[in-house]
Amino acid sequence: MTLVVDRLTPAIGAEIRGLSTNKSSSFAFGSELSEQLYQALLDNHVVVFRDLELAPLALARFGEMFGALGARHHRYTTHAECDDVVVLEWGGERKPDAAEWHADMTYRSTPPFASVLQAIVVPPTGGDTLWASMFAVHDALDAGLRRDLESLDAVHDMGAFRTPAYEEGGNEGMAEAFAQAGTAAHPIIAHHPVHGRPYLNVSESFTRFIIGMSAPESGRLLTHLFDLINRPDFHVRVRWQPNTIAVWDNRGSQHYAVADYLPHRRVMHRVAVAADSRAA
Ligand SMILES: O=C(O)CCC(=O)C(=O)O
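Residues numbered from 1 in each chain as written. Predicted model: local features only at pLDDT ≥ 70, side-chain atom pairs only at ≥ 80, totals over all residues.

Neighbouring residues of the ligand: Leu-88, Ala-98, Asp-104, Ser-115, Leu-117, Thr-129, His-255, Ala-257, Met-268 and Arg-270. At the level of elements, strand S6 (114-121), strand S15 (253-257) and strand S16 (266-273) are the ones that each hand at least two residues to the shell around the ligand. The residue makeup of the shell around the ligand, split by class, is 5 nonpolar, 3 polar and 2 charged. (Near = placed C-beta within 6 Å. Helix = DSSP H or I, 4+ residues; strand = E, 2+ residues; numbered from the N terminus. Nonpolar A, V, L, I, M, F, W, Y, C, P; charged D, E, K, R; others polar.)

Before going further, it helps to spend a moment on unusual backbone geometry. In this model, Leu-262 is joined to Pro-263 through a cis peptide bond whose omega is 10°. Relative to the elements of secondary structure, Pro-263 occurs in the loop between S15 and S16. One non-glycine residue, Asp-51, lies in the positive phi region at around 55°. Take Asp-51: it is sitting in the loop between strand S3 (46-49) and helix H2 (56-64). Even without being glycine, Met-105 reaches a positive phi, approximately 50°. The residue Met-105 is located in the loop between strand S5 (82-90) and S6 in this model.

What follows covers the sheet that holds strand S4 (residues 78-79). Two orientations exist for strands paired in a sheet by backbone hydrogen bonds: parallel and antiparallel. Strand order across the open sheet formed by 8 strands is S1-S2-S3-S14-S6-S16-S5-S4, with mixed pairing between neighbours. Each end of this open sheet is capped by a strand with a single partner; those strands are strand S1 (4-7) and S4. Of the strand pairs in this sheet, S6 and S16 are connected by 7 bridges, and their pairing is antiparallel. In the sheet register, Ala-119 faces S16, and the bridge partner there is Met-268. (Pairing = 2+ DSSP bridges.)

This next bit is on helix H6 (residues 215-229). The terminal C-alpha atoms of H6, which comprises 15 residues, lie 21 Å apart, in line with the 21 Å expected from a rise of 1.5 Å per residue. The elements touched by buried residues of H6 are strand S7 (129-133), helix H3 (134-140), strand S11 (198-200), strand S12 (207-210) and S15. (Expected span 1.5 Å × (residues − 1). Contact = placed C-beta atoms within 7 Å.)

Taken domain by domain, the chain comprises domain 1 (4-94 + 110-123 + 239-273) and domain 2 (133-229). Placing a centre on the C-alpha atoms of domain 1 and another on those of domain 2 gives a separation of 24 Å. Taken together, the contacts link 10 residues of domain 1 with 16 residues of domain 2. Split into classes, the residues belonging to the side of domain 1 that touches domain 2 amount to 3 nonpolar, 5 polar and 2 charged. (Domains from an automatic or database assignment.)

Read across the sheet, 3 strands follow the order S13-S7-S15 without closing on themselves; strand pairing throughout is antiparallel. Two strands close off the open sheet at either side, each with one partner strand: strand S13 (235-238) and S15. Sheet twist, expressed as the average angle between the axes of neighbouring strands with direction ignored, equals 20°. Alignment of S7 against S13, held across 4 bridges, turns out to be antiparallel. Each residue of the ladder has a partner; that of Thr-129, found in S13, is Val-238. (Axes fitted to C-alpha atoms, helices over the stretch in contact; angles between N-to-C directions.)

Right, dumping it as C-alpha cells:
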C-alpha cells in the first residue's frame, strides 16, 4: 500500500491518503503499515484519514496498531459492540464539553499516549476540531521565560468535569469523581519520550496550579501560557465528514472541539491508546 502524507500546516497535522480498508478490516501491530502510520504520527502530531469506514471492533484494532488500548474516560459511555470504543454524542440539549484546549487525561500520572477519533454523525456545518502543536508553542517562548519554566511542575486535575459530578452527586459525587479521575503534577516543559523534543505541557482544561508559587502568581503565569496556545500560527483545523478519522499524539499536541453546531447532532467514536509500545 502506498501512503501519501500531505502536511496541513507548518506547525502541525497531515492528511494521509491511500489507506484502503473495509468495515471490518484487521490491522496488525508491527506490520509495515503500522510502522509507517506510527512514523507519520510522530512526524505530524495529528494525522487525518478520510472515508475510513471502520466498525467499532475494527476501530479498536486500528488503535491497537499504535499500542495497547486503555485509559478509558471516567465520564463517557462505551459502545455496545466494543467496550474499548467510547461514544461522544452531543446535540439538542446535550452541550459539547470539549471546547477548551487540552491534552487528554493529563490529570493522571500516566496520561494516554494517543487517541483515535472517528466521525459518525456530523452537523451540516461546524463541529470542527483544532489541534495545536505544543512543540511550536514551546519554541516560540521567550528564552528567559522558557529557562524559568524548565524547573517547574504544575498540578493537573479534572477541571470542568467537576460540574456534572457536583450537579449529579453534590460534594460526595465530586469527591468520588476526583478520586476516580486522579490528580497529578507534571513538568511544565516536558520532553517527547521518543525524539526528545521539548513541548509546553499545560492546558487551560486541566492545569490548575504551579508548584511552589502563590495562587495569584501561578494564575497569572498560567493565563499567559494559555493565551499563547491560542495563536493560530500553531494550529490546524479539521472539518469532519462521516468516517473521517483523526489520530493524535497526546504528547506535544492539544485539541479543541468547536461547540458551534447545536441543536444539530454530532456523534464520534473514540479509542484511547494507553501506552506507546514502541517507546517502552
Ligand atoms: O470531539 C472532538 O472533536 C474532540 C473530543 C475531545 O476533546 C477528546 O476526544 O478528547
